[in-house]
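Spelled out, the chains give:
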Amino acid sequence: TSALMKNFATYFQRVLANSFYPVLHPAIGVGSAFEGWSPREQDVVYQVLIPMTPPRGHSFHLELETTGQTHMRNASIRVQQECTCMKKQQGNKMLCFLHHSKEELKTYQDPSLLHTLCKDSYPDVEKTARWFCQLVRAIWPALPQAHNWHLVLLPSRRSCQFKVSNGVESYRIELLFGVREGTSDVFVSSQPRHGHTSSTTWPESFAVAEMKFFEYIAMRAPPDSLYLKCLQFFTHLQLGLGFSTYTTKMIVMHLLSILPPSWWRRRHFVRRLLDISESLRTCIEVRRLNHFLVGNQRLPPWISLPPHVLMAGSSNLFHDLVMDPVAHSQAMSQYVDL
């Protein structure tokens, strides 16, 4: 997947070099497959996040909103045209979107991003996803992988999903896209939340920061460490019982920050599984599971969070259990089944 995305990145740059579509940067592997674990070994989806920056003559302005919980913030990305009259443009001469006439722009220049992928001055996730899919389909024949692998695009509204196969192996890959918050490891991305997400809403994503935390743990862990196997085993065990894999991931991240790396060796496997189980039970009982990253000022220095995340108070992932006694009772029953 990494080699394929590097080849795609090369062609993205060539194809979009003088366009007014978003500038696409090298993909970042995120999610369980790149962190080294997956609850569904037979159905792994390789997720990559492609950072986007504005094209020439445009700027992005994030408008974050609060949806009740600080870890569940959504954003809109307002696109604004910038004056380019005094700027030296590489390659072809560029007309200024603000100060040249509509007739000149229509005759001599490609449309602005506002007129291709936006809805009311805000990038539309679904339009952007369709554009990505068209780009992938167009570029694929030029890639070296196309000689031995077959590409099939899969239906998706908010991302570009496809499968590549060679008759023996097959891989599912999902291309997400997003805009970085400042210089941090937090993005607003195309990945949907549960329920309806409007086409101009970009939920905040901690996926890159979480992946970097697992990289940090991997550097400190002994060779026979089984913390990823603990996470994989427990998430697989509870599939279908109502607890999300993200809940288990948060619990394990908390434990990894508390227990020394030497406590995750092979001989500690069962004890660590019991720790995960007991932590889940306690969290359900007290109706509280803090998000690992929000408000955490004890992270490794190379994991960068934006100020509003770093300085926020703790964020309860089990907020629904506080508000709904029936949901709390069901969670306790599901834990007993587990």
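Everything numeric here is computed off the predicted structure, so don't read it as measured data. Every chain's residues receive numbers from 1 upward, in the order its sequence appears when written. Per-residue local features are limited, in this predicted model, to residues with pLDDT of at least 70; the limit for side-chain atom pairs, both in listing and counting, is 80 or more; totals at the level of whole chains, interfaces and linings are taken over all residues. Remark: hydrogens and water are excluded; side-chain values derive from all non-hydrogen atoms of the structure.

Right, let's talk about the nonpolar core for a bit. Residue types Ala, Val, Leu, Ile, Met, Phe, Trp, Tyr and Cys, when buried and joined through side-chain atoms within 4.5 Å, form a set referred to as a nonpolar core. Note on exposure labels: buried denotes an accessible area under 20% of the residue type's maximum, exposed denotes more than 50%, and partly exposed covers the range between, all computed with a 1.4 Å probe on protein chains only. One finds Leu256 and Leu280 to be the most contacted residues of the largest nonpolar core, which totals 40 residues. Each helix is a run of H or I in the DSSP string that is no shorter than four residues. Each strand is a run of E no shorter than two, and both are numbered from the N terminus. Among the secondary structure elements, those contributing two or more residues to this core are α5 (207-220), α6 (227-237), α7 (245-258), α8 (269-286) and α11 (325-337). In this structure, this core is formed jointly by two domains, domain 1 (1-206) and domain 2 (221-337), each of which donates at least three residues. Whether two residues touch is decided by their heavy atoms; if any such pair falls within 4.5 Å, the residues are in contact. When sequence neighbours within four positions are dropped, the list of residues in contact with Leu256 reads Phe213, Phe214, Ile217, Tyr227 and Trp264. Segmentation of the chain into domains, including their bounds, is taken from an automatic or database domain assignment.

Pairing of aromatic side chains requires ring centres within 6.5 Å, counting the rings of Phe and Tyr and the six-membered ring of Trp. Pairs whose planes differ by under 30 degrees are stacked, by over 60 edge-to-face, and all others tilted. Tallied over the entire structure, the rule returns 16 aromatic pairs. Aromatic side chains Phe20 and Phe97 sit 5.0 Å apart centroid to centroid with 80° between the ring planes, which places their arrangement in the edge-to-face category. Here Phe20, found in the loop between α1 (2-16) and β1 (23-24), pairs with Phe97, found in the loop between β5 (74-81) and α3 (102-108); they are 77 residues apart in sequence, far enough to count as distant. Summarising the burial analysis for this pair, Phe20 and Phe97 share the class buried. Arranged with centres 6.3 Å apart and planes meeting at 40°, the rings of Phe213 and Tyr216 form a pair that is tilted. Placement of both Phe213 and Tyr216 in helix α5 is noted, with a separation of three residues, approximately one turn of the helix. Judged by relative accessible area, which is 3%, Phe213 ranks as buried. Here a set of aromatic residues connected by ring pairs shows up, and it is made of Phe8, Phe12, Tyr21, Trp131, Phe132, Phe162, Phe177 and Trp202. Lysine and arginine charges are scored as sitting over a ring when NZ or CZ, respectively, is within 6 Å of the ring centre and within 35 degrees of the ring normal. Lying over the aromatic face of Tyr11, Arg14 brings its terminal NZ or CZ to 4.8 Å of the ring centre. Here Arg272 stacks its cationic end above the ring of Trp264, 6.0 Å away from the centre of that ring.

What follows deals with unusual backbone geometry. Of note in the backbone geometry, Ser121 takes a positive phi value of approximately 75° without being a glycine. Taking the relative accessible area as the measure of exposure, Ser121 reaches 33% and is therefore partly exposed.

Attention shifts here to the domain arrangement of the chain. According to the domain assignment, the chain contains domain 1 (1-206) and domain 2 (221-337). A C-alpha centroid distance of 31 Å is found between domain 1 and domain 2. Taken together, the contact pairs 19 residues of domain 1 with 24 residues of domain 2. Summed over both partners, the accessible surface that disappears when two parts come together, traced with a 1.4 Å probe, is what is meant by buried area. Counting the surface lost from both domain 1 and domain 2, the interface buries some 1700 Å², and carbon and sulfur atoms represent 59% of this. Think of a salt bridge as a Lys or Arg side-chain nitrogen and an Asp or Glu carboxyl oxygen that are within 4 Å of each other. One can count one salt bridge joining domain 1 with domain 2. Lys249 is the partner of Glu35 in a salt bridge, and the nearest nitrogen-oxygen pair spans 2.8 Å. Counted as a polar contact is a pair of N or O atoms within 3.5 Å, where, for protein atoms, one must be capable of donating a hydrogen and the other of accepting one, and residues adjacent in sequence contribute only when both atoms are in side chains. Between the two partners, domain 1 and domain 2, sit six residue pairs in polar contact (both at pLDDT 80 or more). Residues are grouped as follows: Ala, Val, Leu, Ile, Met, Phe, Trp, Tyr, Cys and Pro are nonpolar; Asp, Glu, Lys and Arg are charged; every other residue, Gly included, is polar. Broken down by class, the residue content of the side of domain 1 that touches domain 2 amounts to five nonpolar, seven polar and seven charged.

Cavity: a set of points on a 1 Å grid over the protein atoms alone where a 1.4 Å probe fits but cannot get out. Pocket: an open set with protein on both sides within 12 Å along at least five of seven lines, its lining residues, like those of a cavity, having an atom within 4 Å of a point. Grid points are joined across faces, edges and corners, and a volume is the space filled by probe spheres set on the points. For the structure on display, the rule yields three cavities of 30 Å³ or more. Here the largest cavity is characterised by a volume of approximately 40 Å³. Lining the largest cavity are Pro22, Met52, Phe60, Leu113, Leu117, Pro123 and Thr128. A breakdown of the residues in the lining of the largest cavity according to their chemical character gives six nonpolar, one polar and no charged.

Note on placement: Ser38 falls in the loop between α2 (31-35) and β3 (45-53). You can call Ser38 buried: its relative accessible area is 9%. Setting aside its immediate chain neighbours within four residues, Ser38 contacts Ser32, Val44 and Gln232.

At their nearest, the axes of α6 and α7 sit 10 Å apart, and the two run at 150° to each other. Judged on the interaxial angle alone, α7 and α6 are roughly antiparallel. Considering only the axes of α6 and α7, their crossing is right-handed. Each of Tyr227, Leu231, Phe234 and Thr235 in α6 lies in contact with α7, whose residues at this interface are Thr245, Thr248, Lys249, Val252 and Leu256. Per-class residue counts for the contact of α6 with α7 are five nonpolar, three polar and one charged. Axis lines are fitted to C-alpha atoms, over the contacting stretch for helices. Their N-to-C directions set the angle, which ranges from 0 to 180 degrees. An angle below 35 degrees is read as roughly parallel, one above 145 as roughly antiparallel, one from 65 to 115 as roughly perpendicular, and any other as oblique. If you view the pair so one helix is near and one far, a crossing is left-handed when the near helix is turned anticlockwise from the far one by less than a right angle, and right-handed when it is turned clockwise.

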